[in-house]
Amino acid sequence: MAHIKLPTFEEMAPAIQEKARPILEKTGTLGEIFKLMAVDEKIYFATDTMVQKYLLDETTLSYDIKEAIALLVSKENGCKMCVDVHKSIAKMLGLSDEKIENILQGVDAMNVDAKEKALLNFCLRAAQKDNYKILKEDIDAIKALGYSDVQVLEAVAITGYFNYINTLSNVFGLGQ
């Protein structure tokens, strides 16, 4: 149960209801994170834009890598709700149960090439409180593997998004 009162559909702003209606019709429910965002219309739409642009739109990184970042960072941050949600999303995107479980065991357990492992380990490093210690040389090492500036920026933005959403979920006791 969330640590604050989450709005019902009827209590949400009309613009948020418009976004919620198709989800309700398709699934019959709204997740707690959706309801938490709906507490404040500005926060809801800022977060929705990040979800659309980072995760749902086709970008320079594959959906597999984006979901691996989501799962790894969420697990590292102890966000059970986010891990559960992204296990489901990863399945919808075609990742096998085995691949999802390998991701959740950590980067070393994953059956991906060294280049992808390096990017994922870099994202886990970027998710830490002392990420200010990351140096140009660390970024250059990732780029030397063939990742572009855009891909590195995108990977770090997705990492930052999950730090943000995991913090909200954890602080407000979602999924407990």
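Just above, that's the structure.
Residues numbered from 1 in each chain as written. Predicted model: local features only at pLDDT ≥ 70, side-chain atom pairs only at ≥ 80, totals over all residues. Heavy atoms only, no water.

Visitor: Honestly, helix α3 (residues 41–56) in this entry has me stumped. Any pointers?
Guide: Structural remark: α-helix, 3.6 residues per turn; residues separated by three or four positions point the same way. Those residues of α3 that sit buried are Y44, T47, D48 and L55. Along the long axis of α3, the arc covered by the buried residues comes to 105 degrees, so they all point the same way. Exposed residues on α3 whose side chains face more than 90 degrees from its buried face are K42 and K53. On the buried face of α3, the contacting elements are α1 (14–27), α2 (32–37), α4 (63–76), α5 (80–92) and α9 (149–171). The opening residue of α3 is D40, an N-cap whose side-chain oxygen sits 2.8 Å from the backbone nitrogen of K42. (Buried < 20%, exposed > 50% of the residue type's maximum accessible area, 1.4 Å probe, protein only. Helix = DSSP H or I, 4+ residues; strand = E, 2+ residues; numbered from the N terminus. Arc of directions from axis to C-beta. Contact = heavy atoms within 4.5 Å. Polar contact = N/O pair within 3.5 Å; in protein donor to acceptor, adjacent residues only side chain to side chain.)

Visitor: I keep staring at the pattern of salt bridges and nothing clicks. Help me out?
Guide: Within this structure, the stated rule accounts for eleven salt bridges. For D40, the salt bridge is made with K42, and the minimal N-O distance between the two is 3.9 Å. In this structure D40 comes out as partly exposed when scored by relative accessible area, which is 25%. Notably, a salt bridge pairs D140 with K136, separated by 2.7 Å at the nearest N-O pair. Within this pair, D140 and its partner K136 are both found in helix α8 (residues 136–144), separated by four residues, close to a single helical turn. (Salt bridge = Lys/Arg side-chain N within 4 Å of Asp/Glu carboxyl O.)

Visitor: Honestly, the nonpolar core in this entry has me stumped. Any pointers?
Guide: One broad rule of soluble globular proteins: the nonpolar side chains tend to lie buried together. With 52 residues, the main nonpolar core has I69, L119, L120 and F162 as its most contacted residues. Secondary structure elements with two or more residues in this core: α1, α2, α3, α4, α5, α6 (97–105), α7 (114–126) and α9. Excluding its chain neighbours within four sequence positions, the residues that come into contact with L120 are I65, A68, I69, L72, V107 and M110. (Core = buried A, V, L, I, M, F, W, Y, C linked by side-chain atoms within 4.5 Å.)

Visitor: When you look at the environment of E32 in this model, what are you seeing that I'm missing?
Guide: As for its position among the elements, E32 is in helix α2. Between the C-alpha atom of E32 and that of M1, which follows or precedes it by 31 residues, the distance is 9.1 Å. Sequence-distant contacts of E32, defined by excluding residues within four places in its chain, comprise M1, A2, L6, L174 and G175.

Visitor: Explain the side chain of Q151 here, please?
Guide: Summarising the element assignment, Q151 is placed in helix α9. The buried category is assigned to Q151, whose relative accessible area is 16%. Reaching out from Q151, the side chain makes a polar contact with the backbone nitrogen of S148 at a distance of 2.9 Å. Apart from the residues within four sequence positions on either side, Q151 is in contact with T60, L61 and G146.

Visitor: Explain the packing of α4 against α5 here, please?
Guide: Helices that pack against each other are described as a pair by the angle of their axes relative to one another and the distance between those axes. Running from N to C, α4 and α5 point in directions that differ by 160 degrees, and their axes come no closer than 9 Å. Between α4 and α5, the crossing angle belongs to the class labelled roughly antiparallel. Along this stretch, α4 crosses α5, giving a crossing that reads as left-handed. The segment α4 lies against α5, with E67, A70, L71, S74 and K75 engaging C82, V83, H86, K87, I89 and A90. A breakdown of the residues in the contact of α4 with α5 according to their chemical character gives six nonpolar, two polar and three charged. (Axes fitted to C-alpha atoms, helices over the stretch in contact; angles between N-to-C directions. Parallel < 35°, antiparallel > 145°, perpendicular 65-115°, else oblique. Left-handed = near helix turned anticlockwise from the far one by under 90°. Nonpolar A, V, L, I, M, F, W, Y, C, P; charged D, E, K, R; others polar.)

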